[in-house]
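If you want the building blocks of each chain, they are given just below.
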Amino acid sequence: MTNPLCDPYLVLSKVYSGGKYLKQAIAETPLEPLNRAATVKIVYGVLEKDIYLSHIISGNTTRPPKSAIRLILKIALYMLEFMDKNDYMTVDCAVELCKKLGKSGAAGFVNAFLRSYKIPPLPERADEAMSIRCSAPVWLVKALRRSYKGEAEQILSSPSHGVCVRFERGADKYLSKSHEDTPFKGVYIFRNFVRDEGFMLGDYTFQSVGSVAICDAVEGGGKLLDVCAAPGGKSVLLSKKFTSVTACELHPHRTQLILSYASRMGATNIEAVCADGTVFNPAYEGAFDAVLCDAPCSGTGVINENPDIKLNRRAEDIPSLVATQKELLNNCCRYVKTGGRLYYSTCSVLPEENDSTAYNFLAAHRDFGLEIPSSPLAHRRTKFGLQFLPHISQGAGFYLTSFIKK
C-alpha cells in the first residue's frame, strides 16, 4: 500500500520550500489516484493549521527540526489531530517516509515525538493566542481585531463551505448530491463535487459565490472593460449583460486562460487583451459604459479557500498593494463614459484596501460620485461599499463598490 504521507509531502515541499502556490503544486504533482481525495484534504489541512501545528512542534522540542523533518511532523500531526487516523499506522508511515527520503538518522526522533507529544498551553497575550487558535499570522489577527473587534475570530476561523458551481444548464442531474443553495440562479455550493464531461461541454463552471455576487451587482450595458480579468470567470458571466467585453490581463499566459475559459463556455463577445491596467491606453479613453477593476489584493477574504495565503502574505505587502489599487483606479476611471460606472472589487477584508481606497479615489476625482450597489448575498454595508465576510456570506470575503461618472 502507498504510504499516505508521501504525496502530501511531495506537494507541500513545493509550497514550503519551492514557493509554489498550493493549487499549482497539486496540479504539477502526479498523485496516486486512489488516495487523491485524502491527499488534497491533508495538504489543505496542513496549511490551514500551519501555525497551530508549529506551536505543537515548538512546544515539544528544544530546537527546531530541519525543514524536511518539520514537514513530516506537520503532516503526521494533522492526520493524528484532525483526521482520526490510526496512531500506530500514521507514526509508522512517518518513520518510513524519513527512511525513504534518506533521513534515517531522524527516524527515531520522529517516532519518539509522535508517540509522546503534548498540546502546549496557549500564550497569555490575546493576539498570539488567537493566532494559534485560528492558525493566522499575528499581523492579520491584530488588523482584524482592530477593524472587526469581537468578530475577528469568526472571520479567521470560518471554514470553506465547499465547491461553488455555476450551471449554464443541466443542474438537476447534480442536485441529488448534498448541496447548499445560494441567492443566485443556477449557483450551488457542494461539499464534494467531481468534475465530469459536463465541465468541458460548458454545462457548468467553478466560480466562487463572491465572484458571482460581484457580477450580479454590476448593471449591464453596451461595452465593458474588465481589468485584471484572468482566469475569466467574471468576464464570461458578465458577457451575458453587455454587448461586448474587453478582458485585460497583464501576463500573456493568463490572457490565454481567458480565451480558453470563454471558448469552453461559448462566450463569443469577449476580446482578451494582454495589457497593464495601470498604463493609459488613449484608444480606451471614454470608450466604455462600465469598467470593472477587480484589483490585486491581499486575498485575506479567501484564506479559507487558499490557506497558502497565510503562509506567504506579510503586513509589509499591504502598502504596495494599496498603491497598485490606487494606480488602477486612477488610470481606469479615464476609460468610463459620462454617465458610466466604475466598479471596484477585492477579495480582501482589510478596510485599507477597501473603504479607504474608495474614499481616497472619491477625494481625488470630483467628477465621480459614489453609488453603492446592492446584493442578495448577506453582507455588511460600509460607508463606501459592500463588505462580504466569510462567516456571514457563505464563506466569501469580498468587497464591492461603484462610482458613477457625472
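Scroll up to find the structure.
Being a predicted model, the structure only gives us computed values, none of them experimental.

What counts and how
- Residues numbered from 1 in each chain as written.
- Predicted model: local features only at pLDDT ≥ 70, side-chain atom pairs only at ≥ 80, totals over all residues.
- Heavy atoms only, no water.
- Pairing = 2+ DSSP bridges.
- Helix = DSSP H or I, 4+ residues; strand = E, 2+ residues; numbered from the N terminus.
- Right-handed = clockwise from strand over helix to strand, strands pointing away.
- Disulfide = S-S within 2.5 Å.
- Buried < 20%, exposed > 50% of the residue type's maximum accessible area, 1.4 Å probe, protein only.
- 1 Å grid on protein atoms, 1.4 Å probe; cavity = no way out; pocket = protein on both sides within 12 Å on 5 of 7 lines; lining within 4 Å.
- Points joined across faces, edges and corners; volume = space filled by probe spheres on them.
- Nonpolar A, V, L, I, M, F, W, Y, C, P; charged D, E, K, R; others polar.
- Polar contact = N/O pair within 3.5 Å; in protein donor to acceptor, adjacent residues only side chain to side chain.
- Contact = heavy atoms within 4.5 Å.
- Core = buried A, V, L, I, M, F, W, Y, C linked by side-chain atoms within 4.5 Å.
- Salt bridge = Lys/Arg side-chain N within 4 Å of Asp/Glu carboxyl O.
- Phe/Tyr/Trp six-rings, centres within 6.5 Å; stacked < 30°, edge-to-face > 60°.

Chemist: How would you summarise the pairing of strand S7 (residues 270–274) if you had to cite specific residues and measurements?
Modeler: Walk down a regular strand and you will see the side chains alternate between the two sheet faces. Looking at chain direction, strand S6 (residues 242–249) and S7 are connected through five bridges and run parallel. When the bridges of S7 are listed, Glu249 appears paired with Cys274. In this fold, S6 hands off to helix H14 (residues 252–265), which returns the chain to S7; that crossover is right-handed.

Chemist: An account of the state of the cysteines is needed here, citing residue identities and associated values.
Modeler: Counted according to the given criterion, the structure contains zero disulfides. No disulfide involves Cys93; its nearest neighbouring cysteine sulfur is the one of Cys6, lying 8.1 Å away. Residue classification places Cys93 among the buried positions, given a relative accessible area of 11%. No disulfide involves Cys293; its sulfur sits 3.8 Å from the nearest other cysteine sulfur, which is in Cys332.

Chemist: Just give me the short version of the layout of surface pockets, but keep the residues and values in it.
Modeler: When its volume is computed, the second largest pocket comes out at roughly 280 Å³. Contributing to the lining of the second largest pocket are 15 residues, with Arg166, Lys185, Val187, Leu237 and Lys240 lying nearest its centre. Looking at the lining of the second largest pocket, the elements that each hand over two or more residues are strand S1 (163–167), strand S3 (187–190) and helix H12 (209–217). Ranked by residues supplied to the lining of the second largest pocket, first place goes to H12 with three residues. For the lining of the second largest pocket, a count of residues per class yields eight nonpolar, one polar and six charged.

Chemist: Could you give an account of unusual backbone geometry, naming the residues involved and the relevant values?
Modeler: Across the junction of Ala230 and Pro231, the peptide omega takes the value 5°, indicating a cis bond. On the secondary structure map, Pro231 appears in the loop between strand S5 (221–227) and helix H13 (233–238). One non-glycine residue, Cys228, lies in the positive phi region at around 55°. As for its position among the elements, Cys228 is in the loop between S5 and H13. With a relative accessible area of 23%, Cys228 lands in the partly exposed category.

Chemist: Which residues make up the side chain of Thr300, and what are the values?
Modeler: Summarising the element assignment, Thr300 is placed in the loop between strand S8 (288–294) and helix H15 (308–312). Residue classification places Thr300 among the buried positions, given a relative accessible area of 4%. A polar atom in the side chain of Thr300 sits 3.2 Å from the side chain of Ser348. Here Val349 takes part through its backbone nitrogen, which lies 3.2 Å from a polar atom of the side chain of Thr300. Setting aside anything within four residues of it in sequence, one finds Thr300 in contact with Trp139, Leu140, Cys347, Ser348, Val349, Leu350 and Glu353.

Chemist: Explain the nonpolar core to me, using residue names and the numbers behind them.
Modeler: Formed by 57 residues in total, the largest nonpolar core has its most connected members in Leu144, Leu156 and Ile270. Excluding residues that lie within four positions of it along the chain, Leu156 makes contacts with Met130, Cys134, Ala136, Leu140, Val141, Leu144 and Ile303. By size, the runner-up hydrophobic cluster in this structure holds 43 residues, among which are Ile69, Leu80, Val110 and Ile132.

Chemist: How would you explain the pattern of salt bridges if you had to name every residue and give the values?
Modeler: For the coordinates displayed, the defined rule picks out 18 salt bridges. In this structure, Glu28 and Lys20 form a salt bridge, with 3.3 Å as the shortest nitrogen-oxygen distance. A residue is classified by how much of its surface remains accessible, and Glu28, at 39% relative accessible area, is partly exposed. A salt bridge links Arg341 to Glu219; its shortest N-O distance comes to 3.6 Å.

Chemist: I'd like a rundown of the side chain of His365, residues and numbers included.
Modeler: In this fold, His365 is placed in the loop between helix H17 (355–364) and strand S10 (368–370). The residues contacting His365, other than those within four sequence positions of it, are Asn330 and Cys333.

Chemist: I'd like a rundown of helix H8 (residues 126–134), residues and numbers included.
Modeler: Of all the residues in H8, the buried ones are Asp127, Ala129, Met130, Ser131, Ile132 and Cys134. In the core, the buried residues of H8 are packed alongside helix H3 (36–48), helix H4 (50–59), helix H9 (138–148), helix H10 (152–157) and H15. Ser135 lies just past H8 and shows a positive phi near 50°.

Chemist: Which residues make up the packing of aromatic side chains, and what values go with them?
Modeler: All chains considered together, the criterion is met by 24 aromatic pairs. For the pair Phe113 and Tyr117, a centre-to-centre distance of 5.9 Å together with 20° between the ring planes defines the contact as stacked. For the residue pair Phe113 and Tyr117, the accessibility class agrees, reading buried in each case. On the numbers, 5.4 Å between centres and 40° between planes, the contact of Tyr174 with Phe193 is tilted. Of this pair, Tyr174 sits in the loop between S1 and strand S2 (179–181) while Phe193 sits in the loop between S3 and helix H11 (197–200), and the two are 19 residues apart along the sequence.

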